[in-house]
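Residue strings, one per chain:
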Amino acid sequence: MRNKMQTLDADIEKILFPEGSPAKHPYSRELVALNEQQGRTLSEMASATGVSQPFISQIKAGKGKLKDEHAQILIRMLYPKAPGDQFSAYPILKAMTPSLPDNWEQQVLMEGLRAVSEHDSEGRYPTGEVGFNEVLSEHSNVLELIDSDGSPKKQHGLGFSSQAQIEGSNQSVITQLEDALATYHEEVTKLEREESLEAERLERAIVATWYNLTKKRHDDDLTKLKLCIEDVIEHKFQRYGWSPAIPRKRLTDACTRARGHLEMPMIKNLFESGHDENVGGRNDKLYDPEAHAKRLLAKCKELQEQFDTKRSEHRQRFRLTGHASPKALRQLTDEAFSDPRDANSMEDWGKQLFGDAVIRVYRRPNKFYEINLSKAYRIWSERHPRFSYQEEVVQICGPLILQKALAHGTLIVHELHSRQFVVLRTIQDERINKKLTILSKPLSVEGLFSCIKDESLMQGWSIEQWDSVADDLQTTLLTKGYRVPGVRSIY
């Protein structure tokens, strides 16, 4: 039967609850054996602990150790109670991790912008309820008016005053060429359809003519032949009387504009591979306007691709966000603090996230603000820290030996069943306006005094407070039989 142990002898207790807090249970093989004695199979133990059955077999053979978290599952299956006869339960802080909002970089930028513009001659920027989107919009508009070095652009000749106008003209030429080509194709298709119909009619007329000339000689037949020939001639006259140059007019006009656009010096200089002198000559324009237009259209689109690439590079160079190191950001968000006071180091992450990055926020072509993002992050993190808190309830197996109410919270010390000690400190976290309890790892006597000494320095205890806590703790430990550093034992 699988009866859990109701009482423990000294040897079994040593196996289940060894002294210290090892990461791997020193008596893993014995735990497996005790569970087998109660009728549990290796498969059941593997399923309960979440490890593989072959690994449990290795443990049984003495070739490995269970992690303490897995060992505790097997221990609970054997014995339902924790060791000792005095117990306490506390809700403690398990971990707190940084929780950055989606727009945290925007918030950092705005904090830095307000800080650097605080004493500006034009006053603080932005003002009132103006947010990041408005700043970004104004900044983006200015980017069209500055060069790659950040200085205001010089005006171009030939009627263009900005790069945006050049690009707009090029896009207009592309649209005009595409529309003219589409219209030209429609007219050509219509003409080809009419020519096909005429060809069919001519073929029928030829057949009829041949028949009348070879088979029939009656006057009526000759009259029919005459009418048929007149009909064919009439339609051929109409065809050639309708000028095929009409559908070309729009296309040739578009080609003329495109050619002039591409031959402007400022446009020719933008082609990285040099200007193509064979864009299309006079003969192409007259005898093959479609091919001529297509070559011009391809060149204008090539130019547009260069515009788009350079605009993208320009905006990337002067972007307002996206400067944080992805690696540092992952490290920051993976950071876990067991003590809220350690989270103050969040302010020091600016350098790791942004290095020495300094960006410009433009208000006008000749007016900008330089933001040091590391410094801006420090300002932001002091005012807007956000964390996710995870708490858990722990059972302390051992008596309370010290409890002190101090100015910055409560200090509690428990003796553990393992003859070690834990310290619990209750502090007020102003971020969430809540008291949090922090649990130390199991400590030796020496470690216990060292832990409390560190706490006194962190909290700024007075000498009298430290002496009071140290004396009370020393007296309690001595009366319980522990050896305390600095005190001679006589036995």
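Please read all numbers here as calculations on a predicted model, not as lab measurements.

Moving on, we get to the overall build of the protein. Of the regular secondary structure elements, the protein holds 18 helices and eight strands. For the protein, the share of sequence-separated contacts (at least 6 apart) that also reach a separation of at least 24 residues comes to 66%. With the model as given, the accessible surface of the protein reaches about 28800 Å², and the carbon-plus-sulfur share is 50%.

An α-helical turn contains 3.6 residues, so a residue and the one three or four places further along point in the same direction. Taking 1.5 Å of rise per residue, 15 residues should cover 21 Å, and helix α17 (residues 445-459) covers 21 Å from first to last C-alpha, within 8% of that figure. Turning to α17, its buried residues are V445, L448, F449, C451, I452, E455, S456 and Q459. Each buried residue of α17 sits inside an arc of 160° when the element is viewed along its axis, so together they form one side. Looking at the buried residues of α17, the elements they touch are β6 (409-415), β7 (421-429) and α18 (463-479). G460 occupies a position one or two residues after α17 and carries a positive phi of about 70°.

The subject of this paragraph is the nonpolar core. Counting residues in hydrophobic clusters, the biggest one holds 31 residues, and the most contacted among them are W104, L353, V361, I371 and Y377. If one sorts the elements of this core by residue count, helix α6 (residues 104-116) sits on top with five residues. For L353, the residues in contact, after removing those within four places along its chain, are W104, H323, A324, S325, A328, L329, L332 and Y377. In this structure, L402, V423, W461 and L477 belong to the second largest nonpolar core, which totals 21 residues.

Evaluation of the coordinates by the stated rule reveals zero disulfides. For the unlinked cysteine C255, the closest cysteine sulfur is that of C300, found at 9.8 Å. On the basis of relative accessible area, C255 is assigned to the buried category, the value being 1%.

With antiparallel pairing, the four strands of this open sheet are ordered in space as β5-β6-β7-β8. Each of the sheet's edge strands pairs with one partner strand only, and the pair in question is β5 (400-406) and β8 (434-439). Going across the sheet, the axis of each strand differs from the next one's by a mean of 15°, ignoring polarity. Strands in contact with α17 are β6 and β7; relative to β7, the strand with the most contacts, it is inclined by about 15°. Against the sheet, α18 touches β5, β6 and β7, its axis set at about 170° to β5.

Attention shifts here to the environment of T321. With respect to the helices and strands, the residue T321 is situated in the loop between α13 (289-317) and α14 (326-334). As for T321 and V108, which are separated by 213 residues in sequence, their C-alpha atoms are 9.4 Å apart.

Further remarks concern the packing of aromatic side chains. Counting across every chain of the model gives nine aromatic pairs. Judged by centre distance (6.3 Å) and plane angle (45°), the ring pair of W104 and W380 falls under tilted. In this pair, W104 sits in helix α6 while W380 sits in helix α16 (residues 373-383), placing the two residues 276 residues apart along the sequence. Across the pair, W380 and W104 agree in class, each one buried. Arranged with centres 6.0 Å apart and planes meeting at 75°, the rings of F318 and Y362 form a pair that is edge-to-face. Separated by 44 residues along the polypeptide, F318 in the loop between α13 and α14 and Y362 in strand β2 (residues 358-364) bring together distant segments of the chain. Per residue, the accessibility class of F318 equals that of Y362, and both read buried.

Their axes nearest at 10 Å, the elements helix α2 (residues 28-37) and helix α5 (residues 68-78) cross at an angle of 35°. Relative to α5, α2 is oriented so that their crossing is left-handed. When α2 is examined against α5, the residues L31, V32, L34 and N35 are found in contact with a partner set consisting of A71, L74, I75, M77 and L78. Considered class by class, the residues forming the contact of α2 with α5 number eight nonpolar, one polar and no charged.

What follows deals with the confidence of the model for the protein. Overall, the predicted model of the protein reaches an average pLDDT of 83, with 83% of residues at or above 70. Every residue in residues 240-246 is under pLDDT 50, and counting partners more than four places away or in other chains gives two contacts. A low-confidence stretch, residues 272-284 stays under pLDDT 50, and its non-local contacts, those more than four residues away or across chains, total 25 contacts.

Moving on to the environment of V116. Along the polypeptide, V116 turns up in helix α6. On the basis of relative accessible area, V116 is assigned to the partly exposed category, the value being 39%. Taking the C-alpha atoms as reference points, V116 and A376, 260 residues apart in sequence, are found 9.3 Å from one another. For V116, the residues in contact, after removing those within four places along its chain, are Y369, E370 and I371.

Cut-offs used in this document
- As a convention, each chain's residues are numbered from 1 in the sequence order in which they are written.
- Where totals are concerned, whole chains, interfaces and linings use all residues; where local detail is concerned, this predicted model gives features only for residues with pLDDT of at least 70, and gives and counts side-chain atom pairs only at 80 or more.
- Where side-chain values are given, they derive from all heavy atoms of the structure, hydrogens and water being excluded.
- Helix numbers and strand numbers start at the N terminus; a helix is a DSSP run of H or I with at least 4 residues, a strand a run of E with at least 2.
- Residue contacts are counted whenever heavy atoms from the two residues lie within 4.5 Å of one another.
- The method behind every accessible area is Shrake-Rupley, applied with a 1.4 Å probe, and residues are considered shielded solely by the protein chains displayed.
- The span one expects for a helix is its residue count, reduced by one, times 1.5 Å.
- Only protein chains enter the accessibility calculation, which uses a 1.4 Å probe; a residue whose area is less than 20% of its type maximum is buried, one above 50% is exposed, and one in between is partly exposed.
- The reported arc concerns the directions from the helix axis to the C-beta atoms and nothing else.
- The criterion is simple. A nonpolar core is a set of buried Ala, Val, Leu, Ile, Met, Phe, Trp, Tyr and Cys residues joined through side-chain atoms within 4.5 Å.
- Count a disulfide wherever a pair of cysteine sulfur atoms falls within 2.5 Å.
- A pair of strands is labelled paired if DSSP reports no fewer than 2 bridges between them.
- Each axis is a line fitted through C-alpha atoms, and for a helix only the stretch in contact is used; angles between axes span 0 to 180 degrees, taken between their N-to-C directions.
- The aromatic pairing rule takes the rings of Phe, Tyr and Trp, using the six-membered ring of Trp, and pairs them if the centres are within 6.5 Å, calling planes under 30 degrees apart stacked, those over 60 edge-to-face and the rest tilted.
- Left-handed is the label given to a crossing in which the near helix is rotated counterclockwise from the far helix by less than a right angle, and right-handed is the label when the rotation is clockwise.
- The nonpolar class holds Ala, Val, Leu, Ile, Met, Phe, Trp, Tyr, Cys and Pro. Asp, Glu, Lys and Arg form the charged class, and all remaining residues, Gly among them, are polar.
- Note: pLDDT gives the predictor's confidence per residue, expressed from 0 to 100.

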